[in-house]
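# Working through the structure, step by step
These are the residues of each chain, in order.
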Amino acid sequence: MQIRFLGHAAFELTDGDTSALIDPFLTGNPKAAVEADELSPDAILLTHGHADHYGDTVGIAKRTGAHVVAIVEIANELGEEGVGNLHDPNLGGTVELPWGSAKLVPAWHTSTTPKGTVNTPAGLIVKFADKTIYHLGDTCLFSDLELIAKQNGPIDVALMCIGGHYTMDRHDAVQAARLIGAKQVIPCHYNTFPPIETDAQAFKADVQAQGVSEVIVLDPGETHSL
Ligand code: NI
Ligand code: MN
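Residues numbered from 1 in each chain as written. Chains lettered and ligands numbered in written order. Predicted model: local features only at pLDDT ≥ 70, side-chain atom pairs only at ≥ 80, totals over all residues. Heavy atoms only, no water.

## What to know about the packing of helix H4 (residues 144–152) against helix H5 (residues 170–180)
- Between H4 and H5, the shortest axis-to-axis distance is 8 Å and the interhelical angle comes to 35 degrees. Crossing angle aside, the handedness with which H4 passes H5 is right-handed. Between H4 and H5, the residues in contact are Leu145, Glu146 and Ala149 and Ala176, Leu179 and Ile180, respectively.
- Broken down by class, the residue content of the contact of H4 with H5 amounts to five nonpolar, no polar and one charged. (Axes fitted to C-alpha atoms, helices over the stretch in contact; angles between N-to-C directions. Helix = DSSP H or I, 4+ residues; strand = E, 2+ residues; numbered from the N terminus. Left-handed = near helix turned anticlockwise from the far one by under 90°. Contact = heavy atoms within 4.5 Å. Nonpolar A, V, L, I, M, F, W, Y, C, P; charged D, E, K, R; others polar.)

Right, here's the structure in full:
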């Protein structure tokens, strides 16, 4: 399978036949690697409702009919927006899809949608092409990352925010990487806007010094194969 970094916290998982988008914030994203109209996913998976994650969900979902997985309050709002094919789990819930599954796990953050619907933010455990991908969503460092990874792992790839200010910074993310123990880590949610500028290569060096995870730093538009 392949993981394409679309910029900020947006990723596309593909296996050649099927694709799943996570947090497709493209319109208005200064680091977006593609236009929303270029994507035809089978599923869209959302960590939370902030605009830099929710992004182009409504437009892509209406155009493609993709499955959409979002925590129940966001799913209800998406239904009111005319999105069909909705799945509305809450934390701890797993949605089975034709190609795998998506489970919502805790993240420490806040969240409202652009229209103001309050919702609890989440991370996503995604089973795709026999791999387990953990998108942490927006979160600070917390010790249950270890429990989440142990219960749902082993984690092949962790997609991890490192930019600070709105989420954990690269120093806290080094500890997060240690707790999760993924084979590979791809950093995200940095350098999109001035408040979240950070040094991804320094994060890579610090994580790899722990001897647990390999870090792959992707520029927007780059693809990682596993
Ligand atoms: Ni957020
Ligand atoms: Mn965010």
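We are not done yet, so read on.
## Description of the coordination of the manganese ion (ligand 2)
- Those protein atoms acting as donors to the manganese ion (ligand 2) are Asp52 (OD), His53 (NE2), Asp138 (OD) and His189 (NE2), and they sit at 2.1 to 2.2 Å.
- All donors of the manganese ion (ligand 2) come from a single chain, and their spacing in sequence reads D-H-x84-D-x50-H.
- A separation of 3.2 Å is found between the manganese ion (ligand 2) and the nickel ion (ligand 1), both of which receive a donor from aspartate 138. Placement of the pair is aspartate 52 in helix H1 (residues 51–54) and aspartate 138 in the loop between strand S10 (131–135) and H4, with a sequence separation of 86 residues.
- The buried category is assigned to aspartate 138, whose relative accessible area is 2%. (Donors = N, O, S within 2.8 Å, 3.2 Å for Na, K, Ca; no water. Buried < 20%, exposed > 50% of the residue type's maximum accessible area, 1.4 Å probe, protein only.)

## Section: the pattern of salt bridges
- Taken as a whole, this structure holds four salt bridges when the rule is applied.
- Glutamate 12 is paired through a salt bridge with arginine 4; the nearest N and O atoms lie 3.0 Å apart.
- For glutamate 12, a relative accessible area of 11% puts it in the buried group.
- Note on arginine 4: relative accessible area 23%, which makes it partly exposed. (Salt bridge = Lys/Arg side-chain N within 4 Å of Asp/Glu carboxyl O.)

## Here we look at the coordination of the nickel ion (ligand 1)
- Only His48 (NE2), His50 (ND1), His109 (NE2) and Asp138 (OD) from the protein coordinate the nickel ion (ligand 1), and they sit 2.2 to 2.3 Å from it.
- Each of the four donor atoms around the nickel ion (ligand 1) contributes to a set of angles spanning 90 to 172 degrees, which defines the coordination as irregular.
- Expressed as a motif, the donor residue spacing for the nickel ion (ligand 1) is H-x1-H-x58-H-x28-D.
- When its relative accessible area of 0% is taken as the criterion, histidine 48 is described as buried. (Tetrahedral: all angles 85-135°; square planar, octahedral: opposite > 155°, others 65-115°.)

## Concerning the packing of aromatic side chains
- Tallying each qualifying case throughout the model produces two aromatic pairs.
- Measuring from ring centre to ring centre gives 5.2 Å for tryptophan 99 and phenylalanine 128, while their planes differ by 50 degrees; the resulting arrangement is tilted. You can see tryptophan 99 sitting in the loop between strand S7 (94–97) and strand S8 (100–106) and its partner phenylalanine 128 sitting in strand S9 (residues 122–128), a full 29 residues away along the chain. We note that tryptophan 99, like phenylalanine 128, is buried. (Phe/Tyr/Trp six-rings, centres within 6.5 Å; stacked < 30°, edge-to-face > 60°.)

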